[in-house]
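Fold and contact review
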There are 2 protein chains.
Amino acid sequence: MRIGELAARAGTTTRTLRYYESRGLLPARRSGNGYRTYDESDLKLLRQIRTLQDFGFDLEETRPFVECLRAGHPEGDTCPASLAVYRRKLDELDALIGELQAVRAKIGLRLALAEGEPPLCELGGQEL
Amino acid sequence: MRIGELAARAGTTTRTLRYYESRGLLPARRSGNGYRTYDESDLKLLRQIRTLQDFGFDLEETRPFVECLRAGHPEGDTCPASLAVYRRKLDELDALIGELQAVRAKIGLRLALAEGEPPLCELGGQEL
DNA sequence: GGTTGCCCTGACGTCGGCGTCAAGGATTAC
DNA sequence: GTAATCCTTGACGCCGACGTCAGGGCAACC
């Protein structure tokens, strides 16, 4: 299949596929006229990339998964390098979620203080 | 005080201050020689901006707080527009945290499956 | 043979919040 | 007087993952 069909079947764009190719992530064979040619296995690779992207992985982080699939494994996440990325990502997520929760708490407190119960300030006699 | 001192006292850079000024967020008076001049109130505005930036607010979102302070309020977050930004930010944070937790769960599951206990797949007789 | 619709490469644009020169003027220190 | 340190404006760089032209080729259909 050609690039347009692959893009459509993966729910992405031709530009994205060319970008992946430029990064060496999803190389394509070429037909006689120079058109990129893909098969079902490329679709599988692409879907792996897209899934991880949706999870917030950046492109480089998807590479081990793609290489794992290309190495013949039925799943991209069974190789050691992929597992390492998973673990690192979990740590990053935990750290990030923790930070966001801390920020959320601070903002929530500030909102409560500023909103209706500024313990000492509001007593000054504001109109609003 | 001049730009270098203000930057130092707020723990930021002159470049950042000029950037804020270019965004209309922190305009400066000028002394005879063309140098930017700031006073203590500017430091307060700047600290408000920095605090919110640390919380992950983008610059535009800090504007209501700055204008609130400039309007004479002792705190930047007591004005309606600021409160609105707080609330919106809380919603965004809740949504984001929720998404991240969902992603975390999915990755955790995939890791568990790929790691040692693929409930059905491993039974196929893989070596790894 | 003309129109439509795919494909190609190359290259610049986007977004935010600055960093980092470059080329010069002002002030202060010695 | 001159060196060092501040300040000025202007402009390009960065990062990631593409979007969006521009200018042209190839294919298929009627």
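Our subject is the structure that appears above.
Basis of the calculations
Residues numbered from 1 in each chain as written. Chains lettered and ligands numbered in written order. Predicted model: local features only at pLDDT ≥ 70, side-chain atom pairs only at ≥ 80, totals over all residues. Heavy atoms only, no water. Helix = DSSP H or I, 4+ residues; strand = E, 2+ residues; numbered from the N terminus. Buried < 20%, exposed > 50% of the residue type's maximum accessible area, 1.4 Å probe, protein only. Contact = heavy atoms within 4.5 Å. Buried area = accessible area lost by both parts, 1.4 Å probe. Salt bridge = Lys/Arg side-chain N within 4 Å of Asp/Glu carboxyl O. Near = heavy atom within 4 Å. Polar contact = N/O pair within 3.5 Å; in protein donor to acceptor, adjacent residues only side chain to side chain. Nonpolar A, V, L, I, M, F, W, Y, C, P; charged D, E, K, R; others polar.

Residues and elements named next belong to chain A. With respect to the helices, strands and loops of the structure, E21 is situated in helix α2 (residues 14-22). Taking relative accessible area as the criterion, E21 reaches 18% and is therefore assigned buried. Non-local contacts of E21, meaning those with residues more than four positions away in its chain, are made with L26, P27, A28, R30, R36 and Y38.

As a further point, take the interface of chain A and chain B. In this complex, chain A contributes 27 residues to the contact, which on the side of chain B involves 27 residues. Interface area for chain A against chain B, summed over the two sides, is near 2,800 Å², with a carbon-plus-sulfur share of 75%. At the boundary of chain A and chain B, one finds four salt bridges. Ionic pairing is found between R87 of chain B and E115 of chain A, a salt bridge with its closest N-O pair at 2.9 Å. The greatest single-element share of the side of chain A that touches chain B, amounting to 20 residues, is contributed by helix α5 (residues 80-115) of chain A.

Turning our attention to the protein's contact with DNA strand D. Around DNA strand D, a shell composed of 20 residues is seen, among which T16 and Q53 of chain A together with G4, R18 and R36 of chain B lie nearest. One of the backbone nitrogen or oxygen atoms of L59 of chain A is found 3.0 Å away from a phosphate oxygen of DNA strand D. A distance of 2.7 Å is found between a phosphate oxygen of DNA strand D and a side-chain nitrogen or oxygen belonging to R36 of chain B. Residue assignment for the surface near DNA strand D shows that the elements contributing at least two residues are α2 and α3 (40-54) of chain A together with α1 (3-10) and α2 (14-22) of chain B. Counting residues per element, the surface near DNA strand D draws most heavily on α2 of chain A, at four residues. Residue composition of the surface near DNA strand D, grouped by class: six nonpolar, six polar and eight charged.

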